[in-house]
Amino acid sequence: MTQVAKPGAWARVKARMLRKMSIGGGEALHHARLMILPTPFGLFWAVLVILLLLLGINYENSLAHGLSFWLFAVAVVSIFRSWRNLAGVRVQLIADGEAFAGNTLRVMVRLTGRARSHAIDVRLGEARQRLEIHDGEGSAPLELAAFQRGQFSLPTLTLESRWPLGLVRLWAWVAIDTPVLVYPQPELPSTPQGSRRTLEQIEQGDFAGLRRYVPGDAPAHIAWKHWGRSGELVTKRFETPARPSLWLDYEACRGDMEQRLSELTARVLAAEGAQATYGLRLPGQTLAIASGGAHRRRVLEALTLFGGEQRLPWSAQLAASEAAERAGASRPLSQEGSA
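Residues numbered from 1 in each chain as written. Predicted model: local features only at pLDDT ≥ 70, side-chain atom pairs only at ≥ 80, totals over all residues. Heavy atoms only, no water.

A. The arrangement of the overall build of the chain in detail. If you tally the helices and strands in the chain, you get seven helices and 18 strands. Within the chain, counting contacts between residues at least 6 apart in sequence, those at least 24 apart form 66% of the total. For the chain, the accessible surface area stands at approximately 19,900 Å², while carbon and sulfur atoms represent 56% of it. (Helix = DSSP H or I, 4+ residues; strand = E, 2+ residues; numbered from the N terminus. Contact = heavy atoms within 4.5 Å. Areas by Shrake-Rupley, 256 points an atom, 1.4 Å probe, with all protein chains shown as cover.)

Shown next, in the form of structure tokens:
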């Protein structure tokens, strides 16, 4: 897994400011956490008001006075409406589906607040959406590129609005404490690696009775106790068809740790598609054979956290992307040198 470089002085100052000024997910945005600055258009508006006021004073022009006061009043009302547009808004982020390395993490951002709010820009890392709150609620999906597996903290979410006239920019930061998991990239090896990969078994269904033995029946289904008592060879019948069952073994895979985890992840998805039961063997951890959505999540979580359960900042994903780009850029050079 990619190592995260230590942040510089400015990054530490920014992180400290974010911790101090941000609100938690689900909290109502209040005035103490709502920041405001004039936009370039707002500065032009202020200069225009001042020039008109000076013009009215200098030439004793009542029209210039009236226009300057009217523009000032419009600006005050606009600033108040902008503040009302964001005040009281609550933010909730919900994971939308599963994320695998090399794909995207999709989250649903949900805003609740007043009956109606306009033109709220939501930014999470590189993802950005504009939301409207209708009848007290608004939502939209956000997608973040994921490049490495692990447990990550989401970047600070930013709410921003310049509604209605764009005179001021209001924004607030929302800290999301819930970690997200990025599963290993599912990838099978390009060449077969022998038959040690899995240990196949048979899962029996519900017992439905006995029948006469037919040559070719599996020895595991023969009722040996009944044969010992009566001398008659019979076979157990089951109502539900038998399903394949297998062990996914880390030691049976080849390659480095990430290659093995990628192969095991692909095997998990394949076993789920085949409706098979499966177990997982990792160094120091074993998950018994089972099936179902809960078992699938446990197995994928074990593969994701293998090698360390430390929660990483989302900036580690950017570091992994840059490392992959550097590796891709250096590969043609090495090939040219070998040629």
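B. Expanded view of the pattern of salt bridges. For the structure shown, the criterion picks out 12 salt bridges. The partner of Glu160 in a salt bridge is Arg169, and the shortest N-O contact between them spans 3.2 Å. Overall, Glu160 belongs to the buried group, its relative accessible area being 5%. Residue Arg260 pairs with Glu251 through a salt bridge whose shortest N-O separation is 3.9 Å. Each of Arg123, Glu160, Arg162 and Arg169 takes part in salt bridges that share partners, so that together they form one network. (Salt bridge = Lys/Arg side-chain N within 4 Å of Asp/Glu carboxyl O. Buried < 20%, exposed > 50% of the residue type's maximum accessible area, 1.4 Å probe, protein only.)

C. Quick look at the sheet that holds strand S8 (residues 150-153). Here we have three strands laid out as an open sheet, ordered S11-S8-S18, and mixed in their pairing. Here the strands that pair on one side only, and so sit at the sheet edges, are strand S11 (180-182) and strand S18 (312-313). Direction of pairing for S8 relative to S11: antiparallel, over a ladder of three bridges. Residue Gly150 lies in a different strand from S11, and its bridge partner there is Val182. Packed onto the sheet, helix H6 (residues 293-305) meets S8 and S11 and runs at close to 80 degrees relative to S11. (Pairing = 2+ DSSP bridges. Axes fitted to C-alpha atoms, helices over the stretch in contact; angles between N-to-C directions.)

D. Examining the packing of aromatic side chains more closely. A complete count under the given rule lists five aromatic pairs for this structure. One cation-aromatic arrangement involves Arg281 over Trp247; the distance from NZ or CZ to the ring centre is 4.1 Å. (Phe/Tyr/Trp six-rings, centres within 6.5 Å; stacked < 30°, edge-to-face > 60°. Lys NZ or Arg CZ within 6 Å of the ring centre and 35° of its normal.)

E. Focus on the packing of helix H2 (residues 40-59) against helix H3 (residues 62-86). For the pair H2 and H3, interaxial distance at closest approach is 8 Å and the crossing angle is 155 degrees. The angle between the axes of H2 and H3 places the two elements in the roughly antiparallel class. Both H2 and H3 take part in a crossing whose hand is left-handed. Residue-level contacts link Trp45, Leu48, Val49, Leu52, Leu53, Leu55, Gly56 and Ile57 of H2 to Ala64, His65, Leu67, Ser68, Phe69, Leu71, Phe72, Val74 and Ala75 of H3. (Parallel < 35°, antiparallel > 145°, perpendicular 65-115°, else oblique. Left-handed = near helix turned anticlockwise from the far one by under 90°.)

F. Inspection of the pairing of strand S6 (residues 127-134) at higher detail. In this sheet, S6 lies alongside strand S5 (residues 116-124) in antiparallel orientation, the contact comprising seven bridges. The partner of Asp121 across the bridge, within S6, is Arg130. Between S5 and S6, which pair antiparallel one after the other, the connecting turn spans two residues, and Gly125 there sits at a positive phi close to 65 degrees.

G. Spotlight on the nonpolar core. Grouped together as the largest cluster of nonpolar side chains are 37 residues, with contacts concentrated most on Val109, Leu111, Val122, Leu157 and Leu159. If sequence neighbours within four positions are ignored, Leu159 has contacts with Val89, Val91, Leu111, Ile120, Asp121, Val122, Leu170, Trp171, Ala172 and Val174. Within the second largest apolar cluster, 20 residues are counted, among which are Leu248, Ala271, Ala276 and Leu300. (Core = buried A, V, L, I, M, F, W, Y, C linked by side-chain atoms within 4.5 Å.)

H. Structural detail: the packing of helix H5 (residues 257-273) against H6. Packing of H5 against H6 brings their axes to within 10 Å, and their N-to-C directions diverge by 170 degrees. In terms of their interaxial angle, H5 and H6 are classed as roughly antiparallel. Counted together, Leu261, Leu264, Thr265, Val268, Leu269 and Glu272 of H5 and Arg296, Val299, Leu300 and Leu303 of H6 form the full contact between these two elements. Its residues assigned to classes, the contact of H5 with H6 shows seven nonpolar, one polar and two charged. (Nonpolar A, V, L, I, M, F, W, Y, C, P; charged D, E, K, R; others polar.)

I. Representation of the environment of Pro179. With respect to the helices, strands and loops of the structure, Pro179 is situated in the loop between strand S10 (168-175) and S11. Placed 133 residues apart in sequence, Pro179 and Leu312 show a C-alpha to C-alpha distance of 9.2 Å. Not counting residues within four places of it along the chain, the set of residues in contact with Pro179 comprises Gln151, Phe152 and Arg311.

J. Fine view of unusual backbone geometry. Following Trp163, the chain continues into Pro164 via a peptide bond in cis, with omega recorded as 5 degrees. On the secondary structure map, Pro164 appears in the loop between strand S9 (157-161) and S10. The phi angle at Glu60 is positive, at roughly 50 degrees, despite the residue not being glycine. Within the fold, Glu60 resides in the loop between H2 and H3. Judged by its relative accessible area of 71%, Glu60 falls in the exposed class. Even without glycine at this site, Ala119 takes up a positive phi of about 45 degrees. Within the secondary structure, Ala119 sits in strand S5.

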